[in-house]
Amino acid sequence: MRILVVGGAGYIGSHVVKELLNTGYDVRVFDNLSTGQEINLFEKAEFIRGDILDVPALEKAMKGIDGVVHLAAKKAVGESMEKPDLYALNNLNGTINVLNAMVKEGVKYFVFSSTAAVYGMPEVEVLDEQTPLNPINFYGFSKKMIEDVLSWYDKLKGIKFVALRYFNAVGYDKEGDVKGLEKNPQNLLPIIMETIFGVREKMTVFGSDYPTKDGTCVRDYIHVSDLASAHELAFKYLLKSNESQVMNLGTGSGHSVKEMIETTQAVTKKKVAYEMGARRSGDPAALMAYSEKAKELLGWQPKHSSLENIIESTYRIYQKYF
Ligand code: UDP
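Residues numbered from 1 in each chain as written. Predicted model: local features only at pLDDT ≥ 70, side-chain atom pairs only at ≥ 80, totals over all residues. Heavy atoms only, no water.

**As for the overall build of the protein chain**
Counting secondary structure elements, the protein chain contains 10 helices and 15 strands. Projecting the C-alpha coordinates of the protein chain onto the three principal axes gives extents of approximately 55 × 40 × 40 Å. Per-residue burial over the protein chain gives 55% buried out of 322 residues. The contacts of the protein chain with a sequence gap of at least 6 include a subset with a gap of at least 24, amounting to 78%. Carbon and sulfur atoms make up 49% of the accessible area of the protein chain, which totals about 14100 Å². Looking at the protein chain, you have 38 positive and 41 negative side-chain charges, and the mean spots of the two groups are 3 Å apart. (Helix = DSSP H or I, 4+ residues; strand = E, 2+ residues; numbered from the N terminus. Buried < 20%, exposed > 50% of the residue type's maximum accessible area, 1.4 Å probe, protein only. Contact = heavy atoms within 4.5 Å. Areas by Shrake-Rupley, 256 points an atom, 1.4 Å probe, with all protein chains shown as cover. Lys, Arg positive; Asp, Glu negative; His and termini not counted. Charge placed at Lys NZ, Arg CZ, Asp CG, Glu CD.)

Right, dumping it as structure tokens:
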């Protein structure tokens, strides 16, 4: 079985590649290295440097492939509001190019990197897949649109897909095989790390008056190696059931921003310089996932997502490669 991992040099993609190689698949990575990094490539995986906007290159990469995992996308929420054209082109057109290349080459199975951002600002704190989709930024909207396109390509072109709605992806491979640190990170844990390592003088906690246990926002942090295993299980599921599905991936429990900072200080024995600041617009107080569907249908279980493990594995990589 040969899987094409589109975006396989990125943060989540490279963890997926490792999981697929470990489970015995042949892997071909297709990545333009715009945010993905060469250092994240595995020797055992074939690599094609290419862009999802380059249709002939995609069609060539699709030859001899049994299934596709697609993670190539623009993912900065703030930027998506300033440059919707860029997000429309890369996330929407790019994914449609991937799907059309699959149709052309007769590849049927597709595992898609979706996001909890498709839900927007839901009224409930714990979300299942039936929670109404109401994205509040163009990034989330682009992923929702792709989910819709996938349903149509299922009906009209016979593409069978699993769309995985990730909650907050964090952590690093425990063997240290993924080495690339994200440049200019926008997410909480890498920002905490950069504050420890002095890239930032201090960080800001966005809001301390939320109706949560300590006033700061609560999120469902899921270890990237747990996300990776879900991709492999999703591919197996498609082969067995031939049925399309949408699934949440989270732990079901939440941690506050303050808890993230304090646990980091306890685990690393380093001080995190932070100040309390204003709320960031568009942040719901608390978001957590029901992931029963992934557990039932895929037999998936998060194994690496304790807060200590998440922080330790991230700190280790920063210590080594920063
Ligand atoms: N956050 C923060 N300061 C930062 C970055 C993030 O307080 O410098 C908070 C943010 O408000 C949210 C949580 O950390 O409640 C996780 O944010 P992130 O951007 O990592 O992911 P999101 O939940 O927005 O997808």
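**Quick word on the packing of aromatic side chains**
The full count for this structure, using the stated rule, is 10 aromatic pairs. Consider the rings of Tyr119 and Phe167, whose centres lie 6.5 Å apart with planes at 40°: the pair is tilted. With Tyr119 in the loop between β5 (109–115) and β6 (126–127) and Phe167 in the loop between β7 (160–166) and β8 (168–170), this pair connects stretches of sequence that are 48 residues apart. Take Tyr119 and Phe167: they sit in the same class, and that class is buried. (Phe/Tyr/Trp six-rings, centres within 6.5 Å; stacked < 30°, edge-to-face > 60°.)

**Focus on the confidence of the model for the protein chain**
Averaged over every residue, the pLDDT of the protein chain is 97; residues scoring 70 or more account for 100%. Within the protein chain, no element has a lower average pLDDT than helix α3 (residues 77–82), which sits at 93, and none a higher one than β7, at 99. (pLDDT = per-residue confidence, 0-100.)

**Concerning the packing of helix α1 (residues 11–22) against helix α7 (residues 224–241)**
The N-to-C vectors of α1 and α7 enclose an angle of 55°; their axes lie 8 Å apart at closest approach. Considering the angle they form, α1 stands oblique to α7. The two elements α1 and α7 cross, and the hand of that crossing is right-handed. Contact residues: Tyr11, Ile12, His15, Val16, Glu19 and Leu20 in α1; Val224, Ser225, Leu227, Ala228, Ser229, His231 and Glu232 in α7. (Axes fitted to C-alpha atoms, helices over the stretch in contact; angles between N-to-C directions. Parallel < 35°, antiparallel > 145°, perpendicular 65-115°, else oblique. Left-handed = near helix turned anticlockwise from the far one by under 90°.)

**A word on the site of the ligand**
Among the 14 residues in the neighbourhood of the ligand, the closest are listed as Leu188, Thr204, Arg219, Arg280 and Asp283. Take Thr204: an N or O atom from its main chain is 2.8 Å from a nitrogen atom of the ligand. Here an oxygen atom of the ligand sits 2.8 Å away from a polar atom, N or O, in the side chain of Arg280. For the ligand, the accessible surface in isolation is 510 Å², of which the surrounding protein chains cover 85%. (Near = heavy atom within 4 Å. Polar contact = N/O pair within 3.5 Å; in protein donor to acceptor, adjacent residues only side chain to side chain.)

**Considering the sheet that holds strand β12 (residues 245–249)**
Spatial strand order, β3-β2-β1-β4-β5-β7-β12: seven strands in an open sheet with parallel pairing. Each edge of the sheet is formed by a strand with only one pairing partner; in this case those strands are β3 (46–49) and β12. Here the average twist between neighbouring strands, direction ignored, is 20°. Contacts from helix α5 (residues 138–157) reach β5, β7 and β12, with the element oriented near 155° to β5. Those strands touched by α7 are β1 (2–6), β4 (67–70), β5, β7 and β12, and its axis lies near 160° from that of β7. (Pairing = 2+ DSSP bridges.)

**Topic: the side chain of Glu59**
Position of Glu59 among the secondary structure elements: in helix α2 (residues 55–61). In this structure the side chain of Glu59 is engaged in a polar contact, spanning 3.2 Å, whose partner is the side chain of Lys104. If near-sequence neighbours (up to four positions away) are discounted, Glu59 is found in contact with Ala101, Lys104 and Glu105.

**Re the pattern of salt bridges**
Across all of its chains, the model carries 20 salt bridges by this definition. As a salt-bridge pair, Glu147 and Arg165 come within 2.5 Å of each other at their nearest N and O atoms. Placement of Glu147 in helix α5 and of Arg165 in strand β7 is noted, with a sequence separation of 18 residues between them. Per residue, the accessibility class of Glu147 equals that of Arg165, and both read buried. One salt bridge connects Arg219 with Asp283, and the closest N-O pair in it is separated by 3.4 Å. Placement of the pair is Arg219 in strand β10 (residues 218–219) and Asp283 in the loop between β14 (274–277) and β15 (288–289), with a sequence separation of 64 residues. Residue Arg219 is classed as buried on the basis of its relative accessible area of 10%. Each of Arg2, Asp26, Arg28 and Glu46 takes part in salt bridges that share partners, so that together they form one network. (Salt bridge = Lys/Arg side-chain N within 4 Å of Asp/Glu carboxyl O.)

**Digging into the pairing of β12**
With five of its five residues buried, β12 lies for the most part within the structure. The side-chain alternation of β12 yields two buried faces, one formed by Gln245, Met247 and Leu249 and the other by Val246 and Asn248.

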